[in-house]
Structure formats: structure tokens, C-alpha cells
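Here is what each chain is made of, one letter per residue.
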Amino acid sequence: MKKILFTAVSLLILCSFTPEDEVVVPSGEKLVYAGSYNMSGLMTQLAQVTMSTEMVTTSKNSYLHLNCELSTFSKWDKFFKMRDIYESYVNPTTLKPSLYKRSIDEGGYTKKEKYAFKGNSVTSTAKRRNKPETVRTFNIGSSTQDAISLLYKVRTLDFSKMKAGQTKSFVIVFDEKEIPVTLKYLGTETVKAGNLGDKSCYKLSIGAKTDALKGKDKNLIWLTADAKKVPALMKFSIPVGTGQLTLTSATGI
């Protein structure tokens, strides 16, 4: 199940084209998704994923707080209960992260992580169930970001000049390591986007050097082909099966 969540989050974030002139990620936005998994040939809704944004101010700086929560529906908790929270505190203009936090509870396995970014260095604090807390510092590339901050930065990027088949490579940091990823632009398609109705979307395929993804052009994301670039649909294929995230509600966009 950990691989399923990683894949779902990755499908939302994995691209890196030329940014548009202005970064526009609104505070007060809320996106809700139904998470489904293929069980005995039927796509069954098991969980809800909620993404939200808000401005927070400290004594020194203001940050855009990016929050992503995953929770299995109560009727499935007895089979495999998941309560995961991913957070990132970023510069409101550049979306460069200052702090990343992750708290997961998956079938009784728990883990809490905190990444403090400073230049090309990250100091991570991690606590796993029944294990002592660990602290380590490691280096990252100048363009490497955490998963959640890149998840939102994708919506500031310009796909309108992309050609079908064009690819781009970049790196994210996850589980205290950098992961190379390749994105391929596949063109546009119309898909259902919850309360937004049917929307023309940019269709993207994800490939990564990880065991979490399986198959060629089997891991896909559709972003609305407008100024908002709202993730409308994600489909993933992993070694233990297939699934999808479907937008059900978008407010504050």
C-alpha cells in the first residue's frame, strides 16, 4: 500500500517544463479525489485524497502551506487502514520548500519525517514505529524539491508549446534519497473533472527509476488545459495491481 500512495502522489507531481512568467497557486484551494484500486477486475473506491492550501505567517516570513491527506473509507479500515499526511511550507512566489513533513499510519506501520531545507542541504528527522529517532544531513541538487512542493509547481508550467512524445527529466527527494524521473507529454484528451465538468486536459506519462511503477505509458496524469492546470485524473500501474485517483470536487481555485 505504501507503493500505491507513493505512485499516486508521484503521478500528480512528476514534470518539469519551462515555467510560465508568474506562479499562481491560490491560498484557500481544496481538491478532493476518490482513490480506487482494481479488485477482482472491478475498480473499487477505497480512499479519499484531499489537497489544500493556506497562507501561514511566522515572526520572520510568510509561507504557503501545502497539505495532502489520504484516508481509507471507514468500511475498509478493518482490511487495511491508512491515515497519511504530507505537508510542505514553501515560498509563496517560487514554491521553493523550506520545510517538508510526512506522517503515515498504514496498517499499523507508522513513520514520521521532517525535512528542513537550507540551500542544497537537507536535515532530516525520522521516527519509525518501535525504533529510535534518527537525524541525518544530506545534499541535494539545486533543482530538487520535495514531493508536495513539486506537486503544486507543476501547475505553474507551460505545456501549450509541448509536442507529443517530448520528454523531460528531473529529480525529487523521497525517503531521504533523490529519485530520477522522466515525464513524456502525450497530447490532449477530454476527461471528467468532478464538479468542473468535462475538461480538455494535458495527458502525461510518468517513468521513474523505482520499483513503484510498472509498464510503459501505464502511469498517467491528466491536467486541465487551462490556467489552473488542475489534476483531474491519475492512473497508476504497480507490481501489485492498478488503480486511479478521480477528482470529485474542486473549490477555491
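Residues numbered from 1 in each chain as written. Predicted model: local features only at pLDDT ≥ 70, side-chain atom pairs only at ≥ 80, totals over all residues. Heavy atoms only, no water.

1. With respect to the overall build of the chain
Alright, step 1. The secondary structure content of the chain amounts to 3 helices and 15 strands.
Alright, step 2. For the chain, buried positions account for 46% of its 253 residues.
Alright, step 3. A sequence separation of at least 24 residues applies to 49% of the contacts in the chain between residues at least 6 apart.
Alright, step 4. Taken as a whole, the chain presents about 12,200 Å² of accessible surface, with 50% of it coming from carbon and sulfur. (Helix = DSSP H or I, 4+ residues; strand = E, 2+ residues; numbered from the N terminus. Buried < 20%, exposed > 50% of the residue type's maximum accessible area, 1.4 Å probe, protein only. Contact = heavy atoms within 4.5 Å. Areas by Shrake-Rupley, 256 points an atom, 1.4 Å probe, with all protein chains shown as cover.)

2. Let's talk about unusual backbone geometry
A negative phi holds for most residues other than glycine; trans holds for most peptide bonds.
Alright, step 1. Positive phi is not limited to glycine here, since N130 has a value of about 60°.
Alright, step 2. Note that N130 resides in the loop between β7 (121-128) and β8 (134-139).
Alright, step 3. The class for N130 is exposed, based on a relative accessible area of 73%.
Alright, step 4. Unlike most non-glycine residues, E176 shows phi in positive territory, near 60°.
Alright, step 5. Relative to the helices and strands, E176 is located in the loop between β10 (167-174) and β11 (177-192).
Alright, step 6. Relative accessible area serves as the criterion here: at 15%, E176 is assigned to the buried category.

3. Details of the pattern of salt bridges
Alright, step 1. In total, this model carries 10 salt bridges according to the counting rule given.
Alright, step 2. Residues K192 and D198 are paired through a salt bridge, measuring 3.6 Å at the closest nitrogen-oxygen approach. Across this residue pair, the class does not change: K192 and D198 are exposed.
Alright, step 3. One salt-bridge network, held together by shared partners, links R102, K111, E113 and D175. (Salt bridge = Lys/Arg side-chain N within 4 Å of Asp/Glu carboxyl O.)

4. Examining the environment of L64
Alright, step 1. Within the fold, L64 resides in strand β3 (residues 62-72).
Alright, step 2. On the basis of relative accessible area, L64 is assigned to the buried category, the value being 2%.
Alright, step 3. Taking the C-alpha atoms as reference points, L64 and V25, 39 residues apart in sequence, are found 8.9 Å from one another.
Alright, step 4. The contacts of L64, once residues within four sequence positions are left out, are V25, S27, T53, E54, M55, S88, Y89, V90, P92 and L95.

5. Here we look at the pairing of β3
Alright, step 1. Within β3, 8 of the 11 residues are buried, which leaves the element mostly enclosed by the surrounding structure.
Alright, step 2. Pairing analysis gives 11 bridges linking strand β2 (residues 42-57) to β3, with the strands arranged antiparallel. Residue pairing across strands places V56 opposite Y63, the latter belonging to β3.
Alright, step 3. The hairpin turn running from β2 into β3, its antiparallel successor, is 4 residues long.
Alright, step 4. Bridge analysis of β3 against strand β4 (residues 83-90) gives 8 bridges, and the strand direction is antiparallel. (Pairing = 2+ DSSP bridges.)

6. As for the packing of aromatic side chains
Alright, step 1. One pass over the full model with this rule turns up 5 aromatic pairs.
Alright, step 2. Ring centres of F159 and Y202 lie 5.3 Å apart, and the angle between their planes is 35°; on these two criteria the pair is classed as tilted. One end of the pair, F159, is in the loop between α3 (147-153) and β10; the other, Y202, is in strand β12 (residues 198-208), and 43 residues separate them in sequence. The residues F159 and Y202 share a single accessibility class, namely buried. (Phe/Tyr/Trp six-rings, centres within 6.5 Å; stacked < 30°, edge-to-face > 60°.)

7. Section: the nonpolar core
Alright, step 1. Core analysis: the biggest nonpolar cluster contains 55 residues, and Y33, I148 and F159 have the highest contact counts within it.
Alright, step 2. If we skip the residues at most four places from it in the chain, Y33 touches A47, Q48, V49, M51, V230, P231, M234, L245, T246, L247 and T248. (Core = buried A, V, L, I, M, F, W, Y, C linked by side-chain atoms within 4.5 Å.)

8. Notes on the side chain of T50
Alright, step 1. Counting through the fold element by element, T50 comes out in strand β2.
Alright, step 2. A distance of 3.4 Å separates polar atoms of two side chains, one belonging to T50 and the other to Q48.
Alright, step 3. Sequence-distant contacts of T50, defined by excluding residues within four places in its chain, comprise K30, L31, V32, N67, C68 and E69. (Polar contact = N/O pair within 3.5 Å; in protein donor to acceptor, adjacent residues only side chain to side chain.)

9. A few points about the environment of S169
Alright, step 1. Relative to the elements of secondary structure, S169 occurs in strand β10.
Alright, step 2. Separated by 12 residues in the primary sequence, S169 and V181 place their C-alpha atoms 5.7 Å from one another.
Alright, step 3. Not counting chain neighbours up to four residues away, the residues in contact with S169 comprise V181 and T182.

10. Concerning the pairing of β8
Alright, step 1. Relative to β8, β7 is paired through 6 bridges, and the arrangement is antiparallel. Of the residues in β8, the one forming a bridge with T125 is V135.
Alright, step 2. The loop that links β7 with its antiparallel partner β8 comprises 5 residues; one of these, N130, has a positive phi angle of about 60°.

The analysis is restricted to geometry; functional conclusions fall outside its scope.
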